[in-house]
Amino acid sequence: MTVQLIDQLSDRTLLKQQAYVNGQWLDGNANTTFAVIDPATEQVIANVANLGAAETRAAIESADLAMRDWRQQAPKTRSDLLERWCQLIVDNTADLAIIMSAEQGKTLAESKGEIAYSASFIKWFAEEGKRVYGDVIPTAQTDRRGIVIKQAIGVVGAITPWNFPSAMITRKVGPALAVGCAVVLKPAAETPLSALALAELADRAGIPAGLFNVITGDDAVAIGGELTSHTLVKKITFTGSTPVGKILMAQCAQTVKRTSMELGGNAPIVIFDDADLDLVIPGVINAKFRNSGQTCISANRLIVQEGIYAEFVKRLNIAVSEFNFGAYSQSDSTHGPLITAKATANIDAKVRQAIADGATVVCGGKASVAAGYYYPATILTHLNDTMAIFKEEIFGPVAAVYSFSTEQQALDMANDTVFGLAAYVYTENMRRSWKFAEALEYGMVGINETAISAEIVPFGGVKESGQGREGSKYGLDDYLEIKYICMGAMDK
Ligand code: SIN
């Protein structure tokens, strides 16, 4: 018998099914709800309040009122509250991980890792929020002083994805609250429960009502339309696909809102003949199969030099044969399902197309027919840069392996994409490391390393992978306006 999600939690009050607006738990528009599905079992695990444009508007207005006082508080006051929120997240890791795994499908180990990652953004920005320094600028006139201060940008609309249901929220809400903004958040309809659990803990931490609002709903167009058109919203921050990001940017143009966009990727891993395969294989496993391949910085194209190609494919195949795809409730699961049946069908269609284009299937390659949205670890070889799969973000556990002979060919292949989020290189050659680090047209480059994300470093892309940086000291900038003050008549 399946144990209900609520019965798996030591603190049952962390499972919320109402939205959180202005410090109140709210039912949906005319009491409607939408279902949240466990992707491992295809069972409904919760029915969550379905809000729309009217509730979003009310949340924006209460956020605007709440931040009038919040922005005037001492940074230390805001920081102390954020620290308290962070501690509650850490203290409740076990329950938060179960909630996340149930709605997203990732293993409990991955969910616990994400909760730690999520908390780290709150902690980091609680500290960084105390360091919003200004400048004094020497002027050409002796009677003047130029001063620069930085101020909270205003109400922030945040739209977050299902692949990291907690960390992508705190990476946005942490800096926003730390500098004095308020947030109206629309979490993905697939994974609202992690967002609501975060809201419950923010409430317990004493974050004042109206500063962190969670609008749950399955009508992304209505909620997103309100967030992007309301004049009180000064900034939209979004993590998701490039096509949706472009729509949001176009909508934001009408009221000239600031945007931060963390969009799609098509990450290459370039592996040279001189690379240490003992380093490469675990690096590729992390970059390709973390979260079952559903990561924006997933290695999408494995570009391997001819001399090492056969050995690499052989060793990768051995490593993936040890994977065990299964539900989070099974202790031996190493990887979870994909998020939806649609995601599984999309991956399958890409694999079928690659096979039709001439690819060879080394392992996997067929969607599971059992319950749950599973797709097996798949390795494809005999690929080239003219195939559709070279240009598309796969977003699943499919390793597409290409070959190259010269350094220039590898660089050209790596940069031959409209995306520019993350890239990786494996080589023992220092000159080549520097050359690739500088010449790769990406926001992030890992040299002999694929675990590159952390709260202390800037995450973000170039080209059609987006704009803005999250995490690190730079992560505050997107939530701040620069104001120049000219102090005149100073020698009177
Ligand atoms: C993402 O997939 O966008 C987030 C990945 C990360 O933070 O490492």
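Structure first, text after, so check above.
What counts and how
- Residues numbered from 1 in each chain as written.
- Predicted model: local features only at pLDDT ≥ 70, side-chain atom pairs only at ≥ 80, totals over all residues.
- Heavy atoms only, no water.
- Buried < 20%, exposed > 50% of the residue type's maximum accessible area, 1.4 Å probe, protein only.
- Helix = DSSP H or I, 4+ residues; strand = E, 2+ residues; numbered from the N terminus.
- Contact = heavy atoms within 4.5 Å.
- Near = heavy atom within 4 Å.
- Polar contact = N/O pair within 3.5 Å; in protein donor to acceptor, adjacent residues only side chain to side chain.
- Areas by Shrake-Rupley, 256 points an atom, 1.4 Å probe, with all protein chains shown as cover.
- Nonpolar A, V, L, I, M, F, W, Y, C, P; charged D, E, K, R; others polar.
- Pairing = 2+ DSSP bridges.
- Axes fitted to C-alpha atoms, helices over the stretch in contact; angles between N-to-C directions.
- Phe/Tyr/Trp six-rings, centres within 6.5 Å; stacked < 30°, edge-to-face > 60°.
- Lys NZ or Arg CZ within 6 Å of the ring centre and 35° of its normal.
- Right-handed = clockwise from strand over helix to strand, strands pointing away.
- Lys, Arg positive; Asp, Glu negative; His and termini not counted.
- Salt bridge = Lys/Arg side-chain N within 4 Å of Asp/Glu carboxyl O.
- Core = buried A, V, L, I, M, F, W, Y, C linked by side-chain atoms within 4.5 Å.

Visitor: Whenever I open this one, helix 13 (residues 407–415) confuses me. Can you help?
Guide: Because each turn of an α-helix spans 3.6 residues, side chains separated by three or four positions in sequence point in the same direction. All buried positions along helix 13 are accounted for by E407, A410, L411, M413, A414 and N415. Where helix 13 is buried, its residues meet strand 12 (267–271), strand 13 (299–305), helix 12 (388–391), strand 16 (398–404) and helix 14 (430–439).

Visitor: Please clarify how the site of the ligand should be interpreted in this entry.
Guide: Within the structure, the ligand sits among Y117, N163, F164, M168, R171, E262, R290, T295, C296, I297, S453 and F459. Between the ligand and R290 there is a distance of 3.0 Å, counted from an oxygen atom to a side-chain nitrogen or oxygen. Within the complex, the protein chains bury 100% of what would otherwise be the 260 Å² of accessible surface of the ligand. A class-by-class count of the residues in the shell around the ligand yields six nonpolar, three polar and three charged.

Visitor: Sorry if this is basic, but what is going on with the sheet that holds strand 5 (residues 135–137) here?
Guide: In sheet architecture, strand pairing relies on hydrogen bonds along the backbone and comes in two forms, parallel and antiparallel. Taken together, three strands build an open sheet; the order of strands is 5-6-20 and the sheet is antiparallel. The open sheet is flanked by strand 5 and strand 20 (480–487), the only strands paired with a single partner. Each adjacent strand pair in this sheet contributes to an overall mean axis angle of 25°, direction not counted.

Visitor: It is not clear to me how the packing of aromatic side chains should be interpreted in this structure. Could you clarify?
Guide: Each aromatic ring pair is characterised by the separation of its centres together with the angle its planes make. The tally for this structure, following the rule as stated, stands at nine aromatic pairs. Between the aromatic rings of Y20 and W25, the centroid separation amounts to 4.7 Å while the plane-to-plane angle is 45°, which identifies the pairing as tilted. Relative accessible area serves as the criterion here: at 3%, Y20 is assigned to the buried category. Chaining the aromatic ring pairs together yields one cluster made of F272, F404 and F436. Geometry around F390 places R301 over its ring, the cationic atom sitting 4.7 Å from the centre. Here R432 stacks its cationic end above the ring of F272, 4.0 Å away from the centre of that ring.

Visitor: Explain the pairing of strand 7 (residues 155–159) here, please?
Guide: Each regular strand carries side chains that alternate between the two faces of the sheet. Of all five residues making up strand 7, five are buried, and the element is well covered by its neighbours. With four bridges connecting them, strand 7 and strand 8 (residues 183–186) associate as parallel partners. Note on strand 8: the bridge partner recorded for G157 is V184. Taking the sense of rotation as the criterion, the β-α-β connection linking strand 7, helix 5 (residues 167–179) and strand 8 turns out right-handed.

Visitor: How should the pairing of strand 8 be read in this particular structure?
Guide: Burial along strand 8 is two-sided: the residues V183 and L185 and V184 and K186 are all buried. Bridge analysis of strand 8 against strand 9 (residues 212–214) gives three bridges, and the strand direction is parallel. Bridged to V184 within strand 9 is N213. What joins strand 8 to strand 9 is helix 6 (residues 192–205), and the crossover it makes is right-handed.

Visitor: Which parts of the structure should I look at to understand the side chain of K186?
Guide: On the secondary structure map, K186 appears in strand 8. For the buried residue K186, which engages in no salt bridge, the nearest side chain bearing the opposite charge is E190, 6.8 Å off. Here the side chain of K186 touches G217 through a polar contact of 3.3 Å, landing on its backbone oxygen.

Visitor: Looking at this structure, how should I read the pattern of salt bridges?
Guide: Opposite charge on two side chains lets them pair, provided their charged atoms get close. Per the stated rule, a full pass over the model turns up 24 salt bridges. As a salt-bridge pair, R131 and E128 come within 2.7 Å of each other at their nearest N and O atoms. By relative accessible area, E128 is classed as buried at 10%. Notably, a salt bridge pairs R258 with E481, separated by 3.2 Å at the nearest N-O pair. Of this pair, R258 sits in strand 11 (residues 258–262) while E481 sits in strand 20, placing them 223 residues apart in sequence. Residue R258 is classed as partly exposed on the basis of its relative accessible area, which comes to 27%. Residues participating in the shared-partner salt-bridge network are D274, E407, R431, R432 and K435.

Visitor: Looking at this structure, how should I read the nonpolar core?
Guide: If you look at the biggest cluster of nonpolar residues, it comprises 85 residues, and the most contacted ones within it are W85, I89, L177, L193, I207 and F212. With nine residues, helix 6 is the largest single contributor of residues to this core. Every residue in contact with L177, bar those within four places of it in the chain, is listed here: W70, R78, L82, W85, A182, V183, I207 and L211. Among the nonpolar cores identified, the runner-up in size contains 35 residues, and F289, F312, L316 and L421 belong to it.

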